[in-house]
Amino acid sequence: TYAWFFLPSFFQSPPTFGFLLDIDGVLVRGHRVIPAALEAFRRLMNSQGQLRVPVVFVTNAGNSLQHSKAQELSALLECEVDADQVILSHSPMKLFSEYHEKRMLVSGQGPVVENAQGLGFRNVVTMDELRMAFPLLDMVDLERRLKTTPLPRNDFPRIEGVLLLGEPVRWETSLQLIMDVLLSNGSPGTDLATPPYPHLPILASNMDLLWMAEAKMPRFGHGTFLLCLETIYQKVTGKELRYEGLMGKPSILTYRYAQDLIRRQAERRGWVAPIRKLYAVGDNPMSDIYGANLFHQYLQKATRDGAPELGAGGPQQQQPSASQSCISILVCTGVYNPRNPQSTEPVLGGGQPPFHGHRDLCFSPGLMEASHVVNDVNEAVQLVFRKEGWASE
């Protein structure tokens, strides 16, 4: 009576579940693949080298091009990864079409202009372009200060918004120039007596305070840069820095975007059964687990009452959701360390553990508790296959 469980995949029913896989700390550490990831993908692929279930890679990194990240993953995982399977932290900015024609200052590193243009922004200004246009603004590095005073410029078009794609290299320069743009309402060569409020629109991605590379301890993420900018703006103006869009895990907007890519992937493969369950595998309780659990709550409410409004979180969903649940799975190969679970155990004296999430997130300790905790991504895939009644090939 249980013989169906051992049937080969070409007799198997179409999948009704899919994977949302984090990259750093789950599949790779820095530029080195985690061995368990190779084992996991051998289970996920059939004998023809195709994925047996839909898989989307959801990373909070954003300093590379989407197709470059797909090529990197293909080489590391020994599996063909398409660009439309990769979600970078800023990918949902494609949905913010009302800003695509505006002149936007872009912050980050790597191919920032190409990334911004790939997201639909047609008129971007880089930090270097702004610094060269107004060389008196960047004054921290003594080596870069001008020896003579340049003539003031009045031919530089006004900036209409700010894109924060990822952590920049020279934080002092980016923090100073972004503040100049916000305080001057987009014309940093002018002198405004009263800073405007509300300030120019800001779209930001990647709220991770910390992330895991090859070092033994976590490294600063873009969330640390955002924290600096928010604190400086608050200190200077007495007002709160606001975002028109804030994306990357744990933003619901990012998970809705991922869900849509899972649906499209299933349609391309001819899998007619709707994808009812999503399994989100990550190493960071504050971004991966919090985000998956938050999205699970969203799906549960959507099933009962229809899709809830997200306020300033971004554009509303266009496609009705078929997914009914998002199950969080925490691995121990990255930020989370089972020997030192700082985010889940109380600190000495019985106080609350430090909240590493973004300022705009409500702290809910229960959302940081994973549905399952496993050693690595291979164990995560095995767990899901057992739950779904699927055999490994």
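Quick notes on the rules
- Residues numbered from 1 in each chain as written.
- Predicted model: local features only at pLDDT ≥ 70, side-chain atom pairs only at ≥ 80, totals over all residues.
- Heavy atoms only, no water.
- Helix = DSSP H or I, 4+ residues; strand = E, 2+ residues; numbered from the N terminus.
- Buried < 20%, exposed > 50% of the residue type's maximum accessible area, 1.4 Å probe, protein only.
- Core = buried A, V, L, I, M, F, W, Y, C linked by side-chain atoms within 4.5 Å.
- Contact = heavy atoms within 4.5 Å.
- Pairing = 2+ DSSP bridges.
- Axes fitted to C-alpha atoms, helices over the stretch in contact; angles between N-to-C directions.
- Phe/Tyr/Trp six-rings, centres within 6.5 Å; stacked < 30°, edge-to-face > 60°.
- pLDDT = per-residue confidence, 0-100.
- Expected span 1.5 Å × (residues − 1).
- Polar contact = N/O pair within 3.5 Å; in protein donor to acceptor, adjacent residues only side chain to side chain.

A. Expanded view of the environment of Lys216. Note that Lys216 resides in the loop between β10 (210-211) and β11 (219-220). Taking relative accessible area as the criterion, Lys216 reaches 80% and is therefore assigned exposed.

B. Structural view of the nonpolar core. Of all hydrophobic cores here, the largest spans 37 residues; its most connected members are Phe19, Leu27, Phe41, Leu44, Phe57 and Val281. Those elements that place two or more of their residues in this core are β1 (17-21), α1 (35-44), β4 (55-58), α2 (66-77), β13 (277-282), β14 (325-331) and α9 (377-388). It is α9 that provides the largest number of residues to this core, a total of six residues. If we skip the residues at most four places from it in the chain, Leu44 touches Phe19, Gln50, Leu51, Arg52, Val53, Val55, Val381 and Phe385.

C. View of the sheet that holds strand β7 (residues 123-126). In spatial order, the strands read β7-β6-β8-β9-β12; together these five strands make up an open sheet with parallel pairing. Two strands in the sheet have a free side with no partner beyond their single neighbour: β7 and β12 (245-247). Across the sheet, the mean angle from the axis of one strand to that of its neighbour is 20 degrees, orientation sign disregarded. Two strands pair when backbone bridges link them, and strand β8 (residues 161-164) and strand β9 (residues 202-205) are joined in this way by three bridges, in the parallel orientation. Bridging across to β9, Leu163 finds its partner in Leu203.

D. Here's a closer look at the packing of aromatic side chains. The full count for this structure, using the stated rule, is 13 aromatic pairs. A ring pair is formed by Phe17 and Phe19, whose centres lie 6.2 Å apart and whose planes are at 75 degrees; its orientation type is edge-to-face. In this pair, the class of Phe17 matches that of Phe19, namely buried. Considering the side-chain rings of Phe134 and Phe156, the 5.3 Å spacing of their centres and the 80 degrees angle between planes classify their relative orientation as edge-to-face. One end of the pair, Phe134, is in the loop between α4 (127-133) and β8; the other, Phe156, is in the loop between α4 and β8, with 22 residues separating them in the sequence. Comparing Phe134 with Phe156, the two get one shared label, buried. Taken together, the ring pairs in this structure connect Phe17, Phe19, Tyr279, Phe385 and Trp390 into an aromatic cluster.

E. Representation of the confidence of the model for the chain in the model. Averaged over the chain, the pLDDT score is 89; the fraction of residues at 70 or greater is 89%. Counted against residues more than four places away or in other chains, residues 1-7, with its pLDDT under 50, gives four contacts. Contacts from residues 343-349, a stretch scored under 50 in pLDDT, to residues over four places away or in other chains number nine contacts.

F. Representation of the pairing of β14. Burial of β14 is extensive: seven of the seven residues sit out of reach of the surface. As defined by bridge partners, β13 adjoins β14 across six bridges and the pair is classed as parallel. Among the inter-strand pairings, Leu278 is bridged to a residue of β14, identified as Cys326. Bridge analysis of β14 against strand β15 (residues 372-374) gives three bridges, and the strand direction is parallel. From the neighbouring strand, Ile329 faces β15, where its bridge partner is His372.

G. Expanded view of helix α8 (residues 285-305). The end-to-end C-alpha separation of α8 is 28 Å, in line with the 30 Å expected for 21 residues at 1.5 Å each. Where α8 starts, the residue carrying a side-chain oxygen 2.9 Å from the main-chain nitrogen of Met286 turns out to be Asn284.

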